[in-house]
Amino acid sequence: MSVAAETQTIAAQREERPPAIRLHGLRKSFGTARAVAGVDMDIADGEFFAMLGPSGSGKTTILRMIAGFEQPSGGTITLDGKDVTGLAPFQRDVHTVFQDYALFPHMTVLENIAYGLRVRRVPKDERLGRAREALDTVRLGDYADRKPNQLSGGQRQRIALARALVNRPKVLLLDEPLGALDLKLRTAMQLELKQLQREVGITFVFVTHDQEEALTMSDRIAVINEGNIEQIGGPAEIYEAPRTAFVAGFVGTSNLLEPAAAEQIVGERATFSVRPEKIRLHTELATPAAPDEFTAPGVLREVVFTGPSTRYVVELDAGGTLSVLRQNDGATNAEPRRANQKVRLSWACEHNFRIASSTTNESTTGGK
Amino acid sequence: MTTNTAQRTRFSDRLSSFGYARPRLRLAGLLSLPMLWLGLAYLAALAALFVSAFWTTDSFTGETVRDWNVDNFVSLFSDGVYRSITFRTLGVAVGVTLIDALIAFPMAYYMARYASVRAQRILVIAILTPLWASYLVKAYAWRTMLAPNGLIGWLLHPFGLDSPGYGVTATLITLSYLWLPYMILPVYAGLGQLPQSLIEASTDLGARGWRTFRSVIFPMVFPSVIAGSIFTFSLSLGDYIAVQIVGGTSQMLGNVVYSNVGAANNLPFAATVATIPVVIILLYLFAVRRTGALDNL
């Protein structure tokens, strides 16, 4: 299977070098509130890594602990094989792109970018040369003498990137880097960021609550909920094979088969997840199921046209509802369907994933 | 009754729409009172001051003689005493401003960055409280403390030092104490508006505490320090009461004005002396404007 293969390649790459970041038993409490509850993970050198989770899930706290702005309540942080847990931010080879960009308003764009080099006492000529180079990398060469408040949001974003990258850090941390941009700019910046990361070869760790952003840009994703990692894996693995109900619900549309219905359809009393686009919709009810398929009869309750695709909501005879997503490609399933029509669903066994049924996960699904 | 109410409503409606359609009239209504105050009570008084600076006093009758001349300015600039008093006043005003800035910054920094919301409120009240106490009482309190056997002398004695006694040092201390709140509050407000992420960004880019202070925090809060300094500087420049109480024999411009109005009965000369602080303040504001510190106010 392609998902497993992808995971294996990344795992193999990871064996060669020490991880850029290793978190071990990382914990953080604010007073009595537990923000991060014991996180273990390795981020490989040169990886584009996303921490995906709802607001308040603790993902930003993890990022701030890696940067050094917060001291962990327990556990260790290792950067490139070196324990940095107790070190101040200025002693770590890590730079951050802040959510509000945090450009210094009293300095010009060029001075902003050269700041890290100035602090390191790089001679003026070299400093300005490198700053200009970084400015060209983000294609804002003409804006060197502007002040940050004369720039648009997207431009500020790129200046913040250039300022962090000019020092060639081991790791770049990005806190909701595209959160403040409008949709069109965000889509453009997603590709640009990905391209930039490939060019500079620096490990990027970014925090986002936008599942599409995480899926589009990352090599691997850690889905974080209530201070815990729910699942780590490649985008396809996370999307196609969610291990918990939370992941199934937070990444993509939740489409769950409840234990009672699953007992009749799958033959096992457990919760299962099927992605809506993996399900086929049939009007001929009698056709027998193929051996590697599951099938379930039901009643079509809703037909929602969304442009490129149509969403069908089907109430299963076995109980519960499933969504089905079909591309409006004009070739298959072209016949119009009416609500309350009797239909039959079928999907391949390999797209049917058992969900770990811990009580905490059950309760968090509703929160999405 | 109901018709009456309805009519009144209609009248007030008419009045509202009358005003709504005439923005200039509304603006006039808004500004007439403050403009009257600014124009008559403030600018006119200032103009009268300047005009009377060019008059003289008949030394025999004590009457003000209204013929135009620059005699007052000539005697002001030719007399060395006035020159040294001017420089002393300027020095005290600058000194008080620097002392206040030096004390206010760490205080305001603690309040804005470390103190809890509750502690911040308590501290702001604590800073404002002395402003409710009488100016005279505070000045006399310092006179008592600075007396040869006073608190300051007693505290300094173990270190082999004495109380500075009454003079320029005592004036500096007393005025710094009196005007400190006017420096703390704007600096505190400025630091409160400084985004935490800027400090973090600086630290993140490799800057240690002192570098972050020099390159990010201070330049960002500088306009607030300037705002505070306008208070401390101008209040010190014009003060004469505290100087009289703790200043000993070293006079300031305010005392010269005071004695010319009172004992010497030479109002035109008092006006002439009073123009010096006005000119200094104008020069100061001009210099401040050049630094760009007023752009962000």
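Everything numeric in this text was worked out from a predicted model, so none of it was measured.

Quick notes on the rules
- Residues numbered from 1 in each chain as written.
- Chains lettered and ligands numbered in written order.
- Predicted model: local features only at pLDDT ≥ 70, side-chain atom pairs only at ≥ 80, totals over all residues.
- Heavy atoms only, no water.
- Helix = DSSP H or I, 4+ residues; strand = E, 2+ residues; numbered from the N terminus.
- Buried < 20%, exposed > 50% of the residue type's maximum accessible area, 1.4 Å probe, protein only.
- Contact = heavy atoms within 4.5 Å.
- Areas by Shrake-Rupley, 256 points an atom, 1.4 Å probe, with all protein chains shown as cover.
- Lys, Arg positive; Asp, Glu negative; His and termini not counted.
- Charge placed at Lys NZ, Arg CZ, Asp CG, Glu CD.
- Rg over C-alpha atoms; globule rule 2.2 N^0.38 Å.
- Patch = residues over 30% accessible without salt bridge, like charges linked within 9 Å, V, L, I, M, F, W, Y side chains within 5 Å.
- Salt bridge = Lys/Arg side-chain N within 4 Å of Asp/Glu carboxyl O.
- Pairing = 2+ DSSP bridges.
- Axes fitted to C-alpha atoms, helices over the stretch in contact; angles between N-to-C directions.
- Buried area = accessible area lost by both parts, 1.4 Å probe.
- Phe/Tyr/Trp six-rings, centres within 6.5 Å; stacked < 30°, edge-to-face > 60°.
- Domains from an automatic or database assignment.
- Polar contact = N/O pair within 3.5 Å; in protein donor to acceptor, adjacent residues only side chain to side chain.
- Nonpolar A, V, L, I, M, F, W, Y, C, P; charged D, E, K, R; others polar.
- Left-handed = near helix turned anticlockwise from the far one by under 90°.
- Arc of directions from axis to C-beta.

**Some details on the overall build of chain A**
Across its full length, chain A carries 11 helices and 18 strands. Expressed along its principal axes, the backbone C-alpha trace of chain A runs to roughly 80 × 45 × 40 Å. Taking all 368 residues of chain A together, the buried fraction comes to 51%. Partitioning the intrachain contacts of chain A with sequence separation of at least 6 by distance along the chain shows that 65% fall at a separation of at least 24. Carbon together with sulfur atoms contributes 49% to the accessible area of chain A, which is approximately 16,700 Å² in total. Computed over 44 positive and 46 negative side-chain charges, the separation of the two mean positions in chain A equals 5 Å.

**Describing the overall build of chain B**
Each helix and strand in chain B was counted, giving 13 helices and 2 strands. Computed over the C-alpha atoms, the radius of gyration of chain B is 26 Å, more than 25% above the 19 Å expected from 2.2 N^0.38 for a compact globule of 297 residues. Here the C-alpha coordinates of chain B stretch approximately 85 × 70 × 45 Å along the principal axes. Burial analysis of chain B (297 residues in total) assigns 37% to the buried set. In chain B, the proportion of contacts linking residues at least 24 apart, taken out of those at least 6 apart, comes to 67%. Accessible area for chain B stands at about 17,600 Å²; split by element, carbon and sulfur atoms hold 68% of it. Charged side chains of chain B number 19 positive and 12 negative; the gap between the two group centres comes to 16 Å.

**Quick notes on a nonpolar patch on the surface**
On the surface, a nonpolar cluster with roughly 860 Å² of combined accessible area is contributed by Leu27, Leu30, Leu31, Met35, Leu38, Tyr42, Leu43, Leu46 and Phe50 of chain B. Look at Phe50 of chain B and you get partly exposed, because its relative accessible area is 31%.

**As for the sheet that holds strand β13 (residues 280–282) of chain A**
Residue and element names in this part refer to chain A. Taking strand neighbours across the sheet as the criterion, the 5 strands line up as β13-β17-β14-β15-β16 in an open arrangement whose pairing is antiparallel. Looking at strand neighbours, the two that pair on one side only are β13 and β16 (321–327), the edges of this open sheet. The average undirected angle you get between the axes of adjacent strands in this sheet is 45 degrees. With 7 bridges connecting them, strand β14 (residues 293–305) and strand β15 (residues 309–316) associate as antiparallel partners. Pairing of Gly298 across the sheet is with Leu316, part of β15.

**Some words on the interface of chain A and chain B**
Listed per partner, the contact involves 24 residues of chain A and 17 residues of chain B. Summing the contributions of chain A and of chain B, the shared interface buries around 1,800 Å²; its carbon and sulfur component is 61%. A per-residue breakdown of the area chain A buries against chain B is headed by Phe90, His106 and Tyr115 of chain A, which together make up 32% of the total. Put simply, chain A and chain B have 1 salt bridge between them.

**Topic: the packing of aromatic side chains**
Residue and element names in this part refer to chain A. What the rule picks out here adds up to 22 aromatic pairs over all chains. A ring pair is formed by Phe48 and Phe204, whose centres lie 5.4 Å apart and whose planes are at 40 degrees; its orientation type is tilted. Pair noted here: Phe48 is in strand β3 (residues 48–52) and Phe204 is in strand β8 (residues 203–208), with a separation of 156 residues, a long-range link. Looking at Phe48, the relative accessible area reads 0%, which means it is buried.

**Re the domain arrangement of chain A**
Size of an interface: often given as the accessible area lost when the parts come together. All names here are of chain A. According to the domain assignment, chain A contains domain 1 (2–249) and domain 2 (252–365). Taking only C-alpha atoms, the centre of domain 1 and the centre of domain 2 are 37 Å apart. Every contact between the two is made by 16 residues of domain 1 and, on the other side, 15 residues of domain 2. Three residues, Tyr239, Glu240 and Ala245, lead the burial of domain 1 against domain 2; their summed loss comes to 38% of the area buried on that side. Connecting domain 1 to domain 2 are 1 salt bridge. Here domain 1 is connected to domain 2 by 5 residue pairs in polar contact (both at pLDDT 80 or more). Contributing elements (two or more residues each) for the side of domain 1 that touches domain 2: α8 (235–240) and α9 (245–250). In terms of residue count, the dominant contributor to the side of domain 1 that touches domain 2 is α9 (5 residues). Here the residues of the side of domain 1 that touches domain 2 sort into 8 nonpolar, 4 polar and 4 charged.

**What about the packing of helix α5 (residues 117–132) of chain B against helix α8 (residues 168–193) of chain B?**
Residue and element names in this part refer to chain B. Between α5 and α8, the least distance of the axes is 8 Å, while the angle of their chain directions is 145 degrees. The two elements α5 and α8 meet at a crossing, and its hand is left-handed. Along its contact with α5, which presents Gln120, Val124, Ile127, Leu128, Pro130 and Leu131, the element α8 presents Tyr177, Pro181, Tyr182, Ile184, Leu185 and Tyr188. Looking at the contact of α5 with α8 residue by residue, the classes come out as 11 nonpolar, 1 polar and no charged.

**Let's talk about the domain arrangement of chain B**
Parsing chain B into structural domains produces domain 1 (2–52) and domain 2 (79–290). Using C-alpha coordinates to define each centre, domain 1 of chain B is positioned 38 Å away from domain 2 of chain B.

**Describing the sheet that holds strand β18 (residues 353–354) of chain A**
All names here are of chain A. Taken in spatial order, the 3 strands line up as β11-β12-β18 in an open sheet, and their pairing is antiparallel. Since the sheet does not close on itself, it has two edges, and those belong to β11 (256–257) and β18, each with one partner. Where β11 and strand β12 (residues 272–273) come together, 2 bridges link them in antiparallel fashion. Across the sheet, residue Leu257 finds its bridge partner in β12, namely Phe272.

**Some remarks on the pattern of salt bridges**
Once the charged atoms of two side chains with opposite charge are near each other, the side chains can pair. Residue and element names in this part refer to chain A. Inspection of every chain in the model, using the stated rule, returns 18 salt bridges over all chains. A salt bridge links Asp317 to Lys342, with the shortest nitrogen-to-oxygen separation between them at 3.9 Å. Separated by 25 residues along the polypeptide, Asp317 in the loop between β15 and β16 and Lys342 in strand β17 (residues 342–348) bring together distant segments of the chain. Exposure remark for Asp317: the relative accessible area of 46% places this residue in the partly exposed category. Bridged by salt links that share partners, the residues Asp45, Asp80 and Lys170 form one connected network.

**Here's the deal with helix α3 (residues 71–78) of chain B**
Residue and element names in this part refer to chain B. Listing the buried residues of α3 in full gives Asn72, Phe73 and Leu76. Seen end-on, α3 carries its buried residues on one side only, within an arc spanning 95 degrees. Counted as exposed and oriented over 90 degrees from the buried face of α3: Val74 and Ser78. For α3, the secondary structure elements touched by its buried residues are α4 (80–113) and α13 (267–290).

**A closer look at the pairing of strand β4 (residues 74–79) of chain A**
All names here are of chain A. Bridge count between strand β1 (residues 21–30) and β4: 5 bridges; the pairing is antiparallel. Bridge assignment links His24 to a residue of β4, and that residue is Thr76. Bridge count for β4 against strand β5 (residues 82–83) is 2 bridges, and the pairing is antiparallel. Residue pairing in the sheet places Thr78 in a bridge with Asp83 of β5. The hairpin formed by β4 and β5 contains 2 residues between the paired strands, and Asp80 there has a positive phi angle of roughly 55 degrees.

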